Amino acid sequence: MNEQQRKEQAQIKQGLSVDKKSSQDIPLSEKTTEDFAHYFQTTYEPPDIKKARKRGRDKVEVHYDFEVSDKMQQIGKGKKFLIRTYGCQMNEHDTEVMAGILTEMGYEATLEAQDADIILLNTCAIRENAENKVFGEIGHLKPLKLEKPDLIIGVCGCMSQQESVVNKILQKHQQVDLIFGTHNIHRLPNLIEEAMFSKAQVVEVWSKEGDIIENLPKVRHGKIKAWVNIMYGCDKFCTYCIVPMTRGKERSRRPEDIVQEVRHLAAQGYQEVTLLGQNVNAYGKDFDDLDYQFGDLLEDVSKIDIPRVRFTTSHPRDFDDKLIEILAKGGNLLDHIHLPVQSGSSHILRKMNRKYTREDYLELVRKIKNAIPNVTLTTDIIVGFPNETEEQFEETMTLMEEVGFESAYTFIYSPRDGTPAAAQQDDIPDDVKKERLHRLNALVNQQSAESMKYYEGKVVKVLVEGESKKDDTVLAGYTEKNKVVNFKGPRSIIGSIVDVKVTDAKTWSLNGELVKKTVGVNG
Ligand code: 5AD
Ligand code: SF4
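Residues numbered from 1 in each chain as written. Chains lettered and ligands numbered in written order. Predicted model: local features only at pLDDT ≥ 70, side-chain atom pairs only at ≥ 80, totals over all residues. Heavy atoms only, no water.

## What about the site of ligand 2?
Part 1: In the region of ligand 2, the neighbouring residues are C234, K236, F237, C238, Y240, C241, V243, P244, Q278, H315 and R354.
Part 2: Partitioned by chemical class, the residues of the shell around ligand 2 number seven nonpolar, two polar and two charged. (Near = heavy atom within 4 Å. Nonpolar A, V, L, I, M, F, W, Y, C, P; charged D, E, K, R; others polar.)

As C-alpha cells, then:
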C-alpha cells in the first residue's frame, strides 16, 4: 500500500476502531470471527500464499517527509515507555525506530512496566512458542492495566499481521488498547493519539506491503554496533515460513540512503554495522531503474571508513559469484557468513521450496571456501519438517559435518497457519522430533567446541562491547568471526578493537588476556 492509498483508506478506518462501550450489545466471549471481519475488509487480508505469490510490482514509494507534529511532540512529556522485543534483528531494529518516534513525542524510556505509561510488545510469529510467550505476557499485563487504566498496551510486529491473532486479542484480551502491523510503524503518533483520546481499541494492520519511509528517527541500542536495514520483506515463500506474509514483498532501500546512513554511523564513531534483510542477497532485484545488487552495495559500503561490516540473512539461492568475489577482497567485510541451509536432504529442501539441492549447497560452500579460505560458516536448521524420515534427518547430520559449520540455530518445525506446509499431514511424532533436535544439538555443540579450540594460544581482534554480564571485572566483546571473548582490561577500551590472546576455549566462548601489540591471526 502506498501513502495515497493509505490516505484514502484512512477515512474508512475511522469506523474501524472498537468502541468498548458501544460494542456491549453482543458479549465479547460470544462474538465469532465474522464479528471482527470488518477490521480486515479494507486493511487486511489473511495470509494467502496463492495471492501473495502473485504479488505485483506495484511501485514502492520512498518517503522522506516523516515528522511528528508539534502537538504530538508534547504528548509524551513526563511520561515513560517500555518496548518488549521478541524475535529477530529486524524486530530489534524496528524497536529502535519506535523508541525514536516515542522519544520525539516526549516520552522517556523505562525498563519497569510499573513506571510505564505505554507498553508495546513487538512480537514474533516465526514459531508457535514465540507466540505463546507473547500471549503469556499480555496476560501478565492485565492486573497492571486494571491498576492503571490510562496505561496504553500495544501489540505490534509480526503476530499482529495475522488475522487469527488479532481476533484472539480482540476477543479475549481487552486490556490491549492498540494493535498495529509491521507496515504501520510510522503511524505510531496517530495511533497513540487515537488510543488515548477515543478510548477505543485501535487496530491498524495493512496486509499490503507499505512504502519505504526513510527519515524515521531511531534510538539505537548502544554506540558501538548498529543495524542498518537494506531491504524489507521476502519473496522466497519457503513453505514453512510466515515471513513473506507478515513482512510483505521485497522492497530495497535506495543505495544512496543506505550508504549515507552507514557514513553517518561511521562519523558518529560506530565500529560495526550489520546490513539487515530477510534475504539480503535479493537486494536490488526489485529496482526497475537501476542495475545494482547486493554485491554492488557491499562494494560501496566496503569503501566507507567503518572497521566492521556484517550482513544477515543470506539465502543460498541468490548467493552469486560476484558477491563471493567482493567478499573475498576482505577489508571491512568480515569473513563470517551466516548461510541458512534448513535441511541436508534434497527431498526435504524441495518440499520446503528452498530452490536448491544438497549438492547445490555443497557446491556453493566449496566456491566460498575456495575464494575465502579462512571463512566461518554458520547456519539455521529445521528438524522434523512434515514426514521427514530418519534417513533424511541423517542427511542433515552429515551435511552439518561436511560443511563444518561452526555453529547453528536449530529449530523443531512449527506449523504456521496460512503456510503450505501447515496444510500437510505429518506422521512424525513429537518425541521423535525432540530426539532428533537433541542429537543435532550435540553435534552442533561438538563442532562449536572444536572451532573454539583452534583459537587457543592465538591472538584475535576483539571489538570490546562492555563488561561481562556475569562478572563486571571482566570485559567482553566479539571477534571478527563473532565469537565471544572474555578478558580483563580497563573500561576505557570499551568501544575499541583490541588484540586479545586466547588462553582457553569453552563451547560457546573464549577466555583471553589483553595484549598490547598486534600479532597477526584474524579472529
Ligand atoms: N518452524 C521452525 N523454524 C522456522 N524457521 C522459520 N519458520 C519456521 C517454522 N515454521 C526458522 C528457519 C529460519 C529461522 C529464522 O527460523 O530456520 O531460517
Ligand atoms: Fe522465510 Fe527466510 Fe524463506 Fe524468506 S527466505 S520465506 S524469511 S525462511
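## Remarks on the packing of helix α15 (residues 358-371) against helix α16 (residues 390-403)
Part 1: The contact between α15 and α16 brings their axes to 11 Å, and the two run at 10°. Classed by the angle they form, the pair α15 and α16 counts as roughly parallel. Contacts between α15 and α16 involve R358, Y361, L362, V365 and K369 from the former and E395, T398, L399, E402 and V403 from the latter.
Part 2: Of the residues assigned to the contact of α15 with α16, the class counts are five nonpolar, one polar and four charged. (Axes fitted to C-alpha atoms, helices over the stretch in contact; angles between N-to-C directions. Helix = DSSP H or I, 4+ residues; strand = E, 2+ residues; numbered from the N terminus. Parallel < 35°, antiparallel > 145°, perpendicular 65-115°, else oblique. Contact = heavy atoms within 4.5 Å.)

## With respect to the site of ligand 1
Part 1: Around ligand 1, the neighbouring residues are I126, R127, Y240, Q342, D380, I382, F411, I412, Y413, S414 and R416.
Part 2: Here R127 contributes a side-chain N or O atom positioned 3.0 Å from an oxygen atom of ligand 1.
Part 3: Between ligand 1 and Q342 there is a distance of 2.7 Å, counted from an oxygen atom to a side-chain nitrogen or oxygen.
Part 4: Protein chains shield 86% of the accessible area of ligand 1, which is 400 Å² for the free molecule.
Part 5: Those elements that place two or more of their residues in the shell around ligand 1 are β16 (376-383) and β17 (407-412).
Part 6: Looking at the shell around ligand 1 residue by residue, the class counts come to six nonpolar, two polar and three charged. (Polar contact = N/O pair within 3.5 Å; in protein donor to acceptor, adjacent residues only side chain to side chain. Areas by Shrake-Rupley, 256 points an atom, 1.4 Å probe, with all protein chains shown as cover.)

## Structural notes on the sheet that holds strand β15 (residues 336-338)
Part 1: Read from one edge to the other, the open sheet built from three strands follows the order β15-β16-β17, with strand pairing classed as parallel. The strands lining the two open edges of the sheet, one partner per strand, are β15 and β17. In this sheet, adjacent strand axes meet at a mean angle of 10° when their direction is disregarded.
Part 2: The sheet contact formed by β16 and β17 spans six bridges and is parallel. Within β17, the residue paired with I381 across the bridge is T410. (Pairing = 2+ DSSP bridges.)

These values are about where atoms sit, not about what they do.
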